[in-house]
Each structure stands twice: as C-alpha cells, then as structure tokens.
Amino acid sequence: MSKLWSFTGGIHPPERKELSTGRAIENAGIPEQLILPLQQHIGSPAETIVAVGDKVLKGQPLAAVDGPVGVPVHAPTSGQIEAIIQHPVPHPSGMSDWCILLRPDGEDTWGERHPLEDYRNLDREEVLAAIRNAGIAGMGGAGFPTNIKLRPPRDRKVSTLILNGAECEPYITADDMVMRERAPEIIAGLKVMAWILRPERCVIAIEDNKPQAIASVRAACAGTQIEVMVIPTKYPSGGEKQLVQILTGMEVPHGGIPADIGVMCQNVSTAIAVGRAVFQGEPLISRITTVTGEAVSNPGNFEVLLGTPVSYLLERSALNSNRLNRLVMGGPMMGYTLQGTEIPLIKTSNCIIAATASELPDPEPEQPCIRCGSCAEVCPMDLLPQQMFWHAKAEEFDKAEHLNLFDCIECGACSYVCPSSIPLVQYYRFAKGEIRTQQAEQLKADRARERFEARQARLEREAAEKEAKRKERARAAAEAQARKQAEASAAAAEPADDRAAKAAMVQEALARKKAKADAVSTPAPTEVADVNALREQLDKARGKLANMQGMLDEARAAGADSVEKLERAVAKNHERVQRAEEALAAAQEAPQPTPEPVAPVQSPPSQEAAQVMPDLAELEAQLDKARDKLATMQGMLDEALANGADNAEKLERAVAKNRQRVERAESALAEARHQLEAQAADQ
C-alpha cells in the first residue's frame, strides 16, 4: 500500500450522510419548465444560438462560447424555447443572470449524437474538442472547463492523476452513491483522461467512511493498474490541495495549481461525464444531486436534468414546509442559503439541504474576538485567520493580501470553531471581492493610460510629420523667392539706353497713329457707355470677390496668419463690385444719343488708319494688374508655407495660375510693341 500523509488542521463535524444513502439513485423526471443559465462554469459566459420559439431536441446546443475558457450549454430534453430573460441563478448574493427558459414537450427526443468509439486512434486534440463540445466542466464544485484542465502546459508533465471521491463535507452523498452504483462508468472515463495525459500513476481517493463505495470501485478496477486509496475521514480532506498533500506528500505552491508539481485532480462525476461524451456522444445535461435534511420526508439522490428548479426537486422529496428553517445549496460548511425555490440546478449543484431550526440553527450574534487562536489551529492552509479578519474588517486589503488571503479555500473550518460566532469566511470573501474590484479598476486605468500614451505618441508623430512638411514647403518657397530675385536682378541689368530708345519709338508711333486718325475722320459723337462691357466687368468683379471670400473662409478654418490680409482684400473687392454695379445702373438709365450724320469722305482712308492697332496703355495696365495680383498671392503663399497652413497647396495652384497670366500679359505687350516698332520702321 502506498504511503499516506496528512495536512495541518482540519475538523470532524457531524457527518449526517446516512439521511440520503438509504435508497438507490432515482430519476427526478422532467419538470414543466427548465431554467438554463448561460454561465454554469468558470470563464466567459455562453452566447445564445437559438431564438424564442425555436423547437430543440435533447442534447442540441443552445449557447456557445467563443473564448478559450468556457463550455456550451445544451438542451436537457426536447421542447420549445419559451424565453431568454434575466432570472435568479445559484449564487451567494442571489444575483440574476441571463437564462434560457425551455418548455419540455414530454417526448424527450434525442438529437444527433457523435460518439468516439475508437478514440485511441484519434488525435488528442480531437478528443479534447469532443469533451469541450459536450459542455463538461468540473462537477466537484469549481466548474472549471474540463478540456482546459486536461491540457496542462507543455513544460509540466502530469505524473499523477487523482480522481477525487473523498466527498468530505457533511450531508453530501452524491459522489458516494455514484461510486456505489456507477463504478464501471467512472473507470471508463478515467481511462480516457489517462490516455490524454499519460500519467505514471492513476489514483482514486475515497474516505474510509464509505465502505460500499470502496468495495464497488475496487471491483471495477480489478485487472488494471489503478490504485484505490482509502484516506482518513477529516474535513476538508476532499479539498484539492489537501488531497494532493495526503496522497503525495507535496504541497501546491502559493498562487500555483497542482499541475505545477505534476499532479491533476478530477471529480468522479466528471469522469462519468467524460466517458459518456466519448463513448455515447452525450453532452452534460444532467447530474446526480443530493436532497437531504430533516425537513424532507424522502431524502435521497436524484439524477436531475440541468435547469430543474429547486422547488420541483423538493416536491419530489416531499418537503415539509412547516419544518423548513433554512434552504442551503451545497454543504453546511461551504454552501450558501437560498433566497427562493425557483433557483435552477446547474452543473456544479451537488446538494440541497432542507434544514430545520434545530438542525442548522441561525448563527449567534457576532461577538468580539477573544484571540483564542482556535481558527489558526484548524486552518488546513496554515494561515493566520485572526489577523486576516482584522485587516479585512478594517478594509486594509493590502495587508490581508500580504498574509496570503487568496490561499484561503473558504472551507469554513475557522468559522465552525470560533467561540465568538464571527463569520470569518464572509469577511474573507468580502476582502477578496474588494481586492478583485480594485485590481479590475487598476487594470482599466492602466489600459486607459496606455491608450492615452499611444494617442499622445501618435499626435506627436503627426506634428513632427507636419513640421517636416512645413519646413520643406518653406525651403521650396525660399528657393522660389531666390529665383524671383535673380530674375529681377537680371531684368534690372538690361541697358537703360535700349529701354529709353524703345519707349521713344513707341511714343512716336502712337503720335503718328493719332494724327492719321484725326486726318481721316470727323469728330465722333459723345461716347455712350457700353452696357455689355460694364456687365462683363461686374461679373469679373463678383467672381473675384467670391474667390477671395472662399480663400478667407479656408484661412479662418485653418487659423492661418493671412486672415487679416484676406479680410482687407475681400473688403476692397466688395467696393469694386459696388462701383461696378453703380456704373452699370447709370449706363442703363442714361438716354442713348442719336449720332449725327457724317459727311462722306472723298477718298478712302489710308491703309495704316484702317488697320486696328493694339492699345499699349491698356496692355500695360493689364500687366501691372496681373503682377500685383501675383505678388499678393505669392505673399499669401509664403505666409501659409511659413505657418504650415492647410491651404498652402491651394495657394500654390493659385500662384502658378497667376504666373501664367503674367506671362501671357507680358507676351501680349511685347507683341504689341513689336508691331508698333515695325510700323514705325516702315514709315
């Protein structure tokens, strides 16, 4: 026989297991309504994949989980989805959560099942996927997804696989009856898990107060290398860390899990669920639950469909409401009082206690701690319950955490022996909850800070890029200005005599043209304002005003430094438009004079007078105007480039366009001068 060790502390409360072991496991039947919470496990809650009104078959998935930690929820029987609502769920706080309400049709018709009969020829990942798809979570109380637990880190080889059949808490006998009546199914599931993990040793641990279960399991293990270890009865020997220490002599490290020391624990009911999923293709839709206590006439163990209301199970057990004082889900040490009977049973619901007032009396009023030290003597984790209580009560959570608060398994042994009736476990749960809340808030704050820092880095990067572009535009503007100055210097270097000679020739040509016109024509009547020309000037003035107004709006939106200059330009253009409008109105109102008849000319005019000659003064005025506008736009562009304004690109296009206009005006003026010079040379 392998050696057994012990653990620190522990207690021996009254067992009261005989109340529910007098008869075999019974089928609880199908209630009128099933209430299926979407979260019956540790991890992410499942998301519904059915809608109200859908008809479903037994074993059909009703909700699925996208995240890595979580398992789906299946229909325990065939029927119709009645609602998806918030409903009270099994929790110490009495909280509500999302649930699927299923109305059974009474036919109990199975959907498709896909057993893995030859699982040994499959990949381990396929078998683990089948276990996950079957919705199996630990049925010993924690509810951790089994497929995750069966996939330990690659660097941690599991050398010992333990099936926990200790069931050390008083009143609860579900695992005891399962081992008595369904031992072959336990062994079949254990073999599947052993094939996945390949441990060196497989052990089934049972307390010595379950002789029938020990005999049944030993008979089922005959011919195998599975060890059946009988351990002393002491609470909480069924705790995972305590059981590991009893069987291996090793302690699970602080903040660690049994896999850290090469050990894995599974519950005997979980092994049955794994076997059914692999060999029969059945998801986890029912479990064995103990109904006990002196307030029920027919206590026992029932195979209950998940989602069955507690009220239905109490009715099957013949509840005497007059004797009922407290209704507890779980055991008397680690369970919690239910506030109502419409709470559904879930994958981790192993016991319902309908206790009388004498059986589980209401706790005495809390008294001051007398520092007797009894709580420290019975603590199975070798903690300091008294000091943790003080810090939790004073809300000094950092000090409580420093005393390894999270190593507490909340077994209730300290509260059980406290002579001052202090609910120590409730204080520890409160402190743990507050610490988790603070950690969640800190994590949220850290993420917010990371997002802020990332945003600041992005803004700084964008600002640097913008500054680099601004400097590049400023450099380009400086080069353009340098070229402009060079061109101006070159133009200034032209000989003054040549310019004067050309100007004199142009003036002589103009004088000759005027003399010929006077000689061949009679005095013309008073010129009448050309209405069409005035309209054209007004349209041009309005167009320019609209253009300047658009540039002003863009500069204001960008916060450019050229806003004030553009405002002056817009005001100036407003005045031009007003003058053009007044001129057009005056021309339209003035009477049109009748021209006097002109005496016929005896001889045709000369060829030079008939020829239309260009007006140099008008061309020079147009050139000056174009140059002024180019200079204005160039100045605005330089300011925009220097300030990195957003309208710089638009101003660059405007400058290029005005430069083309200047070039055309210069070309037209040069051509006119050339014509006049040629005419003067001919005469």
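Along each chain, residue indices are assigned from 1 in the same order as the chain's sequence is written. A pLDDT threshold of at least 70 governs which residues receive local features in this predicted model, and a stricter bar of 80 or more applies before side-chain atom pairs are shown or counted, although totals over entire chains, interfaces and linings include all residues. Calculated side-chain values reflect all of the structure's heavy atoms, with hydrogen atoms and water omitted.

So, the overall build of the protein
Okay, so step 1: In DSSP terms, a helix is any run of H or I states spanning at least four residues, a strand is any run of E spanning at least two, and both are numbered starting from the N terminus. The number of helices and strands found in the protein is 19 helices and 17 strands.
Okay, so step 2: For the exposure calls, accessible area comes from a 1.4 Å probe over protein chains only, and a residue counts as buried if that area is under 20% of its type's maximum, exposed if over 50%, partly exposed in between. Out of the 683 residues belonging to the protein, those deemed buried represent 42%.
Okay, so step 3: Only heavy atoms enter the contact rule, under which two residues are in contact if any of them lie within 4.5 Å. Across the protein, every contact between residues at least 6 apart in sequence was considered, and the portion connecting residues at least 24 apart equals 73%.
Okay, so step 4: The Shrake-Rupley method, run with a 1.4 Å probe sphere, supplies the accessible areas, and residue values consider only the shown protein chains as cover. Carbon and sulfur atoms make up 51% of the accessible area of the protein, which amounts to about 35900 Å² in all.

Observations concerning the environment of Gln 339
Okay, so step 1: Tracing the chain through its elements places Gln 339 in the loop between β16 (336–337) and β17 (351–355).
Okay, so step 2: For the pair Gln 339 and His 91, spaced 248 residues apart in the sequence, the C-alpha separation amounts to 10.0 Å.

A word on the pattern of salt bridges
Okay, so step 1: A pairing counts as a salt bridge when a side-chain nitrogen of Lys or Arg comes within 4 Å of a carboxyl oxygen of Asp or Glu. Following the criterion strictly, the structure yields 32 salt bridges and no others.
Okay, so step 2: Here Arg 156 ties to Asp 260 by a salt bridge, and the two come within 2.5 Å at their closest N and O atoms. Taken together, the residues Arg 156 in the loop between α2 (146–149) and β9 (160–165) and Asp 260 in the loop between α6 (240–248) and β12 (263–267) connect sequence positions 104 residues apart.
Okay, so step 3: Classification of Arg 156 by relative accessible area gives partly exposed; the value is 33%.
Okay, so step 4: Residue class for Asp 260 comes out partly exposed when judged on its relative accessible area of 30%.
Okay, so step 5: Between Lys 393 and Glu 366 there is a salt bridge, with the nearest N and O atoms lying 3.9 Å from each other.

A word on the state of the cysteines
Okay, so step 1: The disulfide criterion used throughout: a pair of cysteine sulfur atoms within 2.5 Å. The tally for this structure, following the rule as stated, stands at zero disulfides.
Okay, so step 2: Here Cys 408 is not cross-linked by a disulfide; its sulfur's nearest cysteine counterpart is in Cys 414, at 6.3 Å.
Okay, so step 3: The exposure class of Cys 408 is buried, given its relative accessible area of 14%.

Remarks on the pairing of strand β10 (residues 201–207)
Okay, so step 1: Among the seven residues that make up β10, seven are buried, leaving the element largely enclosed by the rest of the structure.
Okay, so step 2: Side chains of β10 alternate between two faces, with Arg 201, Val 203, Ala 205 and Glu 207 and Cys 202, Ile 204 and Ile 206 buried alike.
Okay, so step 3: Note: β9 against β10, six bridges, orientation parallel. What sits directly across from Thr 160, in β10, is Arg 201. Only strands joined by at least two bridges in the DSSP assignment are considered to pair.

Here we look at helix α1 (residues 124–133)
Okay, so step 1: Of all the positions in α1, only Val 127, Leu 128, Ile 131 and Arg 132 are classed as buried. Within α1, the buried residues cover an arc of 140° as seen down the axis, which keeps them to one side.
Okay, so step 2: Residues of α1 that are buried make contact with α2, α4 (183–197) and α7 (268–279).
Okay, so step 3: Measuring from the backbone nitrogen of Glu 125 back to the side-chain oxygen at the start of α1 gives 2.9 Å, which picks out Asp 123 as the cap.
Okay, so step 4: Two residues or fewer after α1 comes Gly 135, characterised by a positive phi angle close to 75°. Our arc is simply the arc of the directions from the helix axis toward the C-beta atoms. Pairs of N or O atoms are called polar contacts if they sit within 3.5 Å, as long as, within protein, a hydrogen donor faces a hydrogen acceptor (for residues adjacent in sequence, only side-chain-to-side-chain pairs).

What to know about the sheet that holds β12
Okay, so step 1: Taking strand neighbours across the sheet as the criterion, the four strands line up as β11-β10-β9-β12 in an open arrangement whose pairing is parallel. Each edge of the open sheet is held by one strand with a lone partner, namely β11 (227–231) and β12. Going from strand to strand, the sheet's axes swing by 25° on average, the running direction of each strand aside. Fitted lines through C-alpha atoms give the axes, limited to the stretch in contact for helices. The angle between two N-to-C directions lies from 0 to 180 degrees.

Concerning the side chain of Asp 175
Okay, so step 1: Secondary-structure assignment places Asp 175 in helix α3 (residues 174–181).
Okay, so step 2: Buried and unpaired, Asp 175 has no salt bridge, with Arg 287 as the nearest side chain of opposite charge at 5.0 Å.
Okay, so step 3: Dropping the residues within four chain positions of it, Asp 175 is found in contact with Asn 164, Glu 167, Asn 267, Val 268 and Ser 269. Only four residue types enter the tally: Lys and Arg on the positive side, Asp and Glu on the negative side; His and the chain ends are excluded.

Points about the sheet that holds strand β6 (residues 73–74)
Okay, so step 1: The strand order across the open sheet formed by three strands is β3-β5-β6, and the pairing between neighbours is antiparallel. Of all strands in the sheet, those bounded by a partner on one side alone are β3 (47–48) and β6.
Okay, so step 2: The sheet contact formed by β3 and strand β5 (residues 61–64) spans two bridges and is antiparallel. Residue pairing across strands places Glu 47 opposite Ala 64, the latter belonging to β5.

Considerations on the environment of Val 274
Okay, so step 1: Take Val 274: it is sitting in helix α7.
Okay, so step 2: Put simply, Val 274 and Glu 185 are 89 residues apart on the chain and 9.4 Å apart in space, counted from C-alpha to C-alpha.
Okay, so step 3: Sequence-distant contacts of Val 274, that is, excluding residues within four places in its chain, are made with Ile 131, Ile 136, Thr 146, Gly 189, Val 192 and Met 193.

Some points on the packing of aromatic side chains
Okay, so step 1: Here a pair means two rings of Phe, Tyr or Trp (six-membered ring of Trp) with centres within 6.5 Å. Their orientation is stacked below 30 degrees between planes, edge-to-face above 60, and tilted elsewhere. Counted under the stated rule, the structure contains four aromatic pairs.
Okay, so step 2: Judged by centre distance (5.7 Å) and plane angle (80°), the rings of Tyr 119 and Phe 279 are edge-to-face. Residue Tyr 119 is located in the loop between β8 (96–104) and α1, and its partner Phe 279 is located in helix α7; the two are separated by 160 residues in the primary sequence.
Okay, so step 3: Look at Phe 279 and you get partly exposed, because its relative accessible area is 32%.
Okay, so step 4: Aromatic pair Phe 389 and Tyr 427: ring centres 4.9 Å apart, planes at 80°, arrangement edge-to-face. Note that Phe 389 is positioned in helix α10 (residues 385–393) and Tyr 427 in helix α13 (residues 424–492), a separation of 38 residues in sequence.
Okay, so step 5: Connected via pairs of aromatic rings, a cluster forms that spans Tyr 119, Trp 195 and Phe 279.
Okay, so step 6: Lysine NZ or arginine CZ positioned within 6 Å of the ring centre and within 35 degrees of the ring normal marks a charge as sitting over the ring. Sitting over the ring of Trp 110, Arg 113 keeps its end group 4.2 Å from the ring centre.

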